[in-house]
Amino acid sequence: MVGHHPPAGVAGMTPVGDRPPLGAYVAEAWRRRRFAFTLASYRLVAGLLPNRLGVLWIVLHPLAMAIIYGTIFHFVIAGPARPANFVQFLIVGVFIFEFFTGCFGGGAKSVTSNAKLVQSLGFPRILLPVSVVAEQAMRMVPVIVLLGILLVIFGEPITWTWLLILPVLAVMAVFNLGLALVVARLSVHARDVQQMIPIINRILFYVTGIFFSIDGALADYPVALTIAHLVPTYDFISISRQVLLESYSAPVLAWIAAPIWAVVMVVFGTVFFWRAEARYGLSD
């Protein structure tokens, strides 16, 4: 019949902007995972090339933060709130927290900063937050090397438990991805979310106890202490301190809560992000 066209599905095509089933969506994202890692590596290199010090800035930023906070709070934190081996305690907290903030802030901009790419190419948009987490993971390689060197300089013995930092960071990356997916979608619909992230990061910086002992500070407040032990950033940093520092022991609750946070957040984030897949190309 002249002028008659079969439905798109019958012809083996899908409507532009259509949202595929979740299983097919995740499978397609996995099939194209190389795209995410290629994008991450190019973005990392592009971000470093304009700087004279290049790759050194990856380690200089957390190192500078550790020096600043160490100098300010070394003589201020006292009593139960002052952790043993203050310097080692601080640098582990600052360096690992950098991984979280990079994924959190970058995840929020992962879709909005790639509007032209989203509108011109067909691919699972979930790969954009994935590429952010991949880029931050690449940044963590020299950071962890420097962290190990600093710990040795300040007297920490090298033990086999140091190897556990790799699976700890891997689980943390899963959590960071889930959170990046959530804020990526929220930022598409409300750019104000990106303005809130530095404020949230600052709150978490203190709640996590980067430069003071949460356990010592809240020893007389068991309910508040239990709540603090359930903060995801506290859990991952506390576990990192245990595997890297001889004198530190993370609460059992942190070991239980961290993997649960990772699984729950990545599942929720994936579904939450996928449900708006058809709308990302219309974001700008």
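Going by the structure above, here's the rest.
In what follows, the accompanying structure is described. (Residues numbered from 1 in each chain as written. Predicted model: local features only at pLDDT ≥ 70, side-chain atom pairs only at ≥ 80, totals over all residues. Heavy atoms only, no water.)

## Digging into the overall build of the protein chain
Let me state the cut-off plainly: Segments assigned H or I by DSSP are reported as helices when at least four residues long, segments assigned E as strands when at least two residues long, and all are numbered from the N terminus. When accessible area is computed with a 1.4 Å probe and restricted to protein chains, residues below 20% of their type maximum are described as buried, those above 50% as exposed, and intermediate ones as partly exposed. In this description, contact between two residues means that some pair of their heavy atoms is separated by no more than 4.5 Å. Using a 1.4 Å probe, accessible areas were evaluated by the Shrake-Rupley method; residue-level cover was limited to the displayed protein chains.
Helix and strand content of the protein chain: twelve helices and zero strands. In the protein chain, the order of α-helices and β-strands from amino to carboxyl end is α-α-α-α-α-α-α-α-α-α-α-α. Relative to its full complement of 284 residues, the protein chain shows a buried share of 47%. Partitioning the contacts of the protein chain with sequence separation of at least 6, the portion at a separation of at least 24 is 80%. Surface summary for the protein chain: the accessible area is close to 14700 Å², and the carbon and sulfur share equals 71%.

## Quick look at the pattern of salt bridges
Quick note on the threshold: Counted as salt bridges are all cases of a side-chain nitrogen of Lys or Arg within 4 Å of a carboxyl oxygen of Asp or Glu.
Per the counting criterion, the structure on display carries four salt bridges. Two residues, R31 and E28, come together in a salt bridge whose shortest N-O distance is 2.8 Å. Residue R31 and its partner E28 are located together in helix α1 (residues 22-31), separated by three residues, close to a single helical turn. Accessibility expressed as a relative area gives 57% for R31, which makes it exposed. The class of E28 is partly exposed, set by a relative accessible area of 23%. Put simply, R32 and E28 hold a salt bridge, and the shortest N to O gap is 2.5 Å. In the salt-bridge network here, residues are joined through shared partners; they are E28, R31 and R32.

## Points about the nonpolar core
Formally: For the purposes of this section, nonpolar cores are sets of buried Ala, Val, Leu, Ile, Met, Phe, Trp, Tyr and Cys residues that join through side-chain atoms within 4.5 Å.
In this structure, F95 and I96 are the most contacted members of the largest nonpolar core, which totals 84 residues. In contact with I96, not counting residues within four places along its chain, are M140, I144, I165, L169, M172, I237 and S240.

## Quick look at the side chain of S213
Looking at the element boundaries, S213 is found in the loop between α8 (192-207) and α9 (214-217). Judged by relative accessible area, S213 falls into the buried class, the value being 12%. Sequence-distant contacts of S213, that is, excluding residues within four places in its chain, are made with P80, A81, P83 and F89.

## Description of the packing of aromatic side chains
Applied cut-off: Note on ring pairs: Phe, Tyr and Trp rings are taken, using the six-membered ring of Trp, and paired if centres are within 6.5 Å. Classes follow the plane angle, with under 30 degrees stacked, over 60 edge-to-face and the rest tilted. Distance and angle both matter: a charge sits over a ring if NZ of Lys or CZ of Arg is within 6 Å of the ring centre and within 35 degrees of the ring normal.
Under the definition given, this model contains 15 aromatic pairs. A centroid spacing of 5.6 Å and a plane angle of 15° characterise the contact between F268 and F272, whose relative ring orientation is stacked. Placement of the pair is F268 and F272 together in helix α12 (residues 252-274), with a separation of four residues, close to one helical turn. By relative accessible area, which is 46% here, F268 ends up partly exposed. Since its relative accessible area comes to 18%, F272 is described here as buried. An aromatic cluster is present here, built from Y69, F97, F100, F104, F205, Y206, F211 and F212 joined pairwise through their rings. Note that R202 overlies the ring of F205, its terminal NZ or CZ placed 5.1 Å from the centroid.

## Concerning the packing of helix α6 (residues 127-153) against helix α7 (residues 165-189)
Heads up, the rule is: A fitted line through C-alpha atoms serves as each axis, taken over the contacting stretch for helices, and the angle formed by two N-to-C directions is quoted from 0 to 180°. Here is the rule for handedness: rotate from the far helix to the near one, and if that takes an anticlockwise turn smaller than a right angle the crossing is left-handed, while a clockwise turn gives right-handed. Residue type decides the class: Asp, Glu, Lys and Arg count as charged, Ala, Val, Leu, Ile, Met, Phe, Trp, Tyr, Cys and Pro as nonpolar, and the leftover types, Gly among them, as polar.
Following both chains from N to C, one finds α6 and α7 inclined at 145°, their axes separated by 9 Å at the closest point. In this structure, the crossing between α6 and α7 has a hand that is right-handed. Residues P129, V130, V133, M140 and I144 of α6 form the contact with α7, whose own contacting residues are L169, A173, N176, L177, A180, L181 and A184. Among the residues making up the contact of α6 with α7, the classes are represented as eleven nonpolar, one polar and no charged.

## Regarding α6
Basically, it comes down to this: Multiplying 1.5 Å by the residue count of a helix minus one yields the expected span of that helix. Here the bend at a residue is taken as the angle between two axes, fitted respectively to the seven residues that end there and the seven that start there.
Taking 1.5 Å as the rise per residue, α6 with 27 residues should run 39 Å; its terminal C-alpha atoms sit 39 Å apart, in good agreement. Maximal helix bending in α6 amounts to about 30°, located at V141; proline P142 follows within four positions. At the C-terminal side of α6, G155 shows a positive phi close to 100°.

## Observations regarding the packing of α1 against α12
Just so we agree on the cut-off: Note that the term roughly parallel is reserved for angles under 35 degrees, roughly antiparallel for angles over 145, roughly perpendicular for angles of 65 to 115, and oblique for everything else.
Axis separation between α1 and α12 bottoms out at 11 Å; the angle between their running directions is 105°. With respect to their mutual orientation, α1 and α12 come out roughly perpendicular. Only T270, V271, F273 and W274 of α12 make contact with α1, whose side of the interface consists of L22, Y25 and V26. Looking at side-chain class alone, the contact of α1 with α12 contains six nonpolar, one polar and no charged residues.

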